[in-house]
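An overview of the molecular structure
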Amino acid sequence: MYWATASDRDFTLSRDEFGNYSHTEDKALVSFQEQKKILGERIKRLRLYREMTQEKAAEKTGINTTLWRHYEYGLKMPRQENLEKIAQTLDVPMQMLFPIDTCTPEGIATLLLNMQMQFGSMEIIEADGSISLKFPQNEFTEKATDTLKTVKDRLDKITWDDGIDVTAERFLCSRYTVPKEIGAEIKEKREIWKAILDGHMDENSMPEGEDWTYLKETADTIMQATYRLKNVVLLDYITEINEESGKK
């Protein structure tokens, strides 16, 4: 594996990789400067996902590299025409360039209102401590249902084993002995990580002689790696749909 490329694609994708809103007690509106930074960070992450340099992205968009850098650094807000070009360069729909607020009450309510208006009706169901959404079966929800099934099938193919392998590879690709030994150990303790992540092992049931802090921190790292791999799967799917739409 050529890690320099793999790290850009797999490990720059974190929970806030596209500038999504974070939970905060500060209810102040996001300033225009913050909006530029959020957009710039999202453009940067998508460019890295596409494994493109700033120079290549700027050339493909038809703008100079300095202007592209200003966009990524949040120094300037792209005009509408340039936003469209940037989306085309990154091969994503325009919606991908802007974060959706799914943390604040008003953001969640707005999202639900949009869904209800598009689908005709919607029912919120609470059962066994979980809340789910139920939509009517009609021509508007058929495509949404098919999409959810497709996404689920693809995400289900990513397992803890994948996260373990990718996490271990970060150490195994090192030229130094100690990181390589850590990578080998991560692979050797595969069943321990899976037991912790599945909730079948805790500090009281861990193997004798192990350090729980180390086990838990490593398991958390594997969970994040798995999460990022699933992000890549979703982005691949979005790319696939976007390309199909462009051919029509």
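The model shown is predicted, which means the values in this text are computed figures rather than measured ones.

**Considerations on the confidence of the model for the chain**
- Of all residues in the chain, 88% have pLDDT values of 70 or greater, and the mean over the chain is 85.
- pLDDT under 50 marks residues 1–28. Its contacts with residues more than four places away, or in other chains, come to 60 contacts.

**Quick notes on the side chain of Arg47**
- Mapped onto the elements of the fold, Arg47 is located in helix α2 (residues 32–49).
- Residue classification places Arg47 among the buried positions, given a relative accessible area of 7%.
- Polar contacts involving the side chain of Arg47 include one to the side chain of Glu72, which spans 2.4 Å.
- If sequence neighbours within four positions are ignored, Arg47 has contacts with Met52, Thr53, Gln54, Ala57, Trp68, Glu72 and Leu90.

**Some remarks on the pairing of strand β2 (residues 130–134)**
- Note: strand β1 (residues 123–127) against β2, five bridges, orientation antiparallel. The residue of β2 that forms the bridge with Glu123 is Lys134.
- Remark: two residues form the turn of the hairpin made by β1 and β2, two consecutive strands paired antiparallel; Asp128 in that turn has positive phi of roughly 55 degrees.

**Concerning helix α6 (residues 105–119)**
- For α6, which comprises 15 residues, the first-to-last C-alpha distance of 21 Å matches the rise-based estimate of 21 Å (1.5 Å per residue) to within 8%.
- Two residues or fewer after α6 comes Gly120, characterised by a positive phi angle close to 95 degrees.

**Some words on the pattern of salt bridges**
- All told, the structure shown has 13 salt bridges when counted by the stated rule.
- As a salt-bridge pair, Lys152 and Asp156 come within 2.7 Å of each other at their nearest N and O atoms. Here Lys152 pairs with Asp156, and both are found in helix α7 (residues 139–156), just four residues apart, close to one helical turn.
- Among the ionic pairs, Glu210 bridges to Lys189, the shortest N-O distance being 2.9 Å. With Glu210 in the loop between α10 (190–197) and α11 (212–247) and Lys189 in the loop between α9 (177–188) and α10, the pair connects residues that are 21 residues apart, well separated along the chain.
- Glu210 sits in the partly exposed class, given a relative accessible area of 22%.

**A closer look at unusual backbone geometry**
- Its identity is not glycine, yet Glu51 carries a phi of approximately 60 degrees, on the positive side.
- Inspection of the secondary structure assignment puts Glu51 in the loop between α2 and α3 (54–61).
- Even without being a glycine, Asp128 presents a positive backbone phi close to 55 degrees.
- Mapped onto the secondary structure, Asp128 falls in the loop between β1 and β2.

**Considering the packing of aromatic side chains**
- For the structure on display, the rule yields two aromatic pairs.
- Centroid distance Phe119 to Phe135: 4.8 Å. Interplanar angle 75 degrees. Geometry classified as edge-to-face. Highlighted residues: Phe119 in helix α6 and Phe135 in the loop between β2 and α7, separated in sequence by 16 residues.
- Assessed through its relative accessible area of 11%, Phe119 is described here as buried.
- Under the relative-accessibility criterion, Phe135 is labelled partly exposed at 25%.
- Taking the centre distance of 6.0 Å and the plane angle of 75 degrees together, the rings of Trp193 and Tyr214 count as edge-to-face. Here the residue Trp193 occupies a position in helix α10, and Tyr214 occupies one in helix α11, the gap between them amounting to 21 residues.
- Trp193 sits in the buried class, given a relative accessible area of 0%.

Rules of the game
- Residues numbered from 1 in each chain as written.
- Predicted model: local features only at pLDDT ≥ 70, side-chain atom pairs only at ≥ 80, totals over all residues.
- Heavy atoms only, no water.
- pLDDT = per-residue confidence, 0-100.
- Contact = heavy atoms within 4.5 Å.
- Helix = DSSP H or I, 4+ residues; strand = E, 2+ residues; numbered from the N terminus.
- Buried < 20%, exposed > 50% of the residue type's maximum accessible area, 1.4 Å probe, protein only.
- Polar contact = N/O pair within 3.5 Å; in protein donor to acceptor, adjacent residues only side chain to side chain.
- Pairing = 2+ DSSP bridges.
- Expected span 1.5 Å × (residues − 1).
- Salt bridge = Lys/Arg side-chain N within 4 Å of Asp/Glu carboxyl O.
- Phe/Tyr/Trp six-rings, centres within 6.5 Å; stacked < 30°, edge-to-face > 60°.

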